[in-house]
Amino acid sequence: MASLKGTVDGAEEGKLREVFAKQNQGGETALYVAAEYGYVDMVREMIQYYDLADVGIKARNGFDALHIAAKQGDLDIVKILMEAHSELAMTVDPSNTTALHTAATQGHTEIMKFLLETGSSLAAIARSNGKTALHSAARNGHLEVVKAILEKEPGVVTKTDKKDKRHFIWR
């Protein structure tokens, strides 16, 4: 980490922003890759050189750094990204999936609770198929995630998806 810090400290900020915004063939930025692999210190160092537009750059899979950190279950990285750019909570992939929805699908309860504390109505945001984070948590059997969503946003239980299905149709 010291070598990155020394390189970053000696580089022109504009050049760093330009380099850090570059994408590989998968559309991933350096921040995305660091978030995906759980490199907390690297994310902490690099995030200060990303504005909201660059931190929200989507890879070909439709995910930005926050989405991939939520998918991987890395609460430390989610917190770093949200502290730097809280607006990231509202970013969506091409299916209108938020990081909250991604965390719910994977059963990452602590990330869900953290994102729900942002104060926005993330739990009410539906994907393009009409399913909310509660739908996905219920479908995947993530009881603790379901409880966390209902505790914070009890009104979301009345939502139906585009097939007019409610959340609690268990297999």
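For clarity, every value in this text was computed on a predicted model and none was experimentally measured. (Residues numbered from 1 in each chain as written. Predicted model: local features only at pLDDT ≥ 70, side-chain atom pairs only at ≥ 80, totals over all residues. Heavy atoms only, no water.)

Novice: Could you clarify how one ought to interpret the packing of aromatic side chains in this entry?
Specialist: Each aromatic ring pair is described using two quantities: the centre-to-centre distance and the angle formed by the ring planes. Tallied over the entire structure, the rule returns 3 aromatic pairs. Ring centres of phenylalanine 20 and tyrosine 50 lie 5.7 Å apart, and the angle between their planes is 5°; on these two criteria the pair is classed as stacked. Separated by 30 residues along the polypeptide, phenylalanine 20 in helix H2 (residues 13-21) and tyrosine 50 in the loop between helix H4 (40-46) and helix H5 (52-55) bring together distant segments of the chain. Residue phenylalanine 20 is classed as buried on the basis of its relative accessible area, which comes to 8%. (Phe/Tyr/Trp six-rings, centres within 6.5 Å; stacked < 30°, edge-to-face > 60°. Helix = DSSP H or I, 4+ residues; strand = E, 2+ residues; numbered from the N terminus. Buried < 20%, exposed > 50% of the residue type's maximum accessible area, 1.4 Å probe, protein only.)

Novice: Mind showing me how you'd approach the pattern of salt bridges here?
Specialist: Where charged atoms of side chains with opposite charge meet at close range, the side chains can pair. This structure, assessed with the given rule, holds 3 salt bridges. Two residues, aspartate 41 and arginine 44, come together in a salt bridge whose shortest N-O distance is 3.0 Å. Linking aspartate 41 with arginine 44, this pair stays in helix H4, spanning 3 residues, or about one helical turn. A salt bridge links aspartate 64 to lysine 58; its shortest N-O distance comes to 3.4 Å. (Salt bridge = Lys/Arg side-chain N within 4 Å of Asp/Glu carboxyl O.)

Novice: It is not clear to me how helix H11 (residues 143-152) should be interpreted in this structure. Could you clarify?
Specialist: Owing to its 3.6 residues per turn, the α-helix brings residues three or four apart onto one side. Within the span of H11, buried status applies to Val145, Val146, Ala148 and Ile149. The buried residues of H11 occupy an angular sector of 160° when projected down its axis, which confines them to one face. (Arc of directions from axis to C-beta.)

Novice: Sorry if this is basic, but what is going on with the UniProt feature "repeat: ANK" (unreviewed entry) in the protein chain here?
Specialist: Those residues carrying the UniProt feature "repeat: ANK" (unreviewed entry) are residues 61-93, 95-127 and 129-161 in this numbering. Secondary structure content for residues 61-93 is 55% helix and 0% strand, and the end C-alpha separation is 8 Å. (UniProt positions renumbered as here; feature names shortened; annotations may be inferred.)

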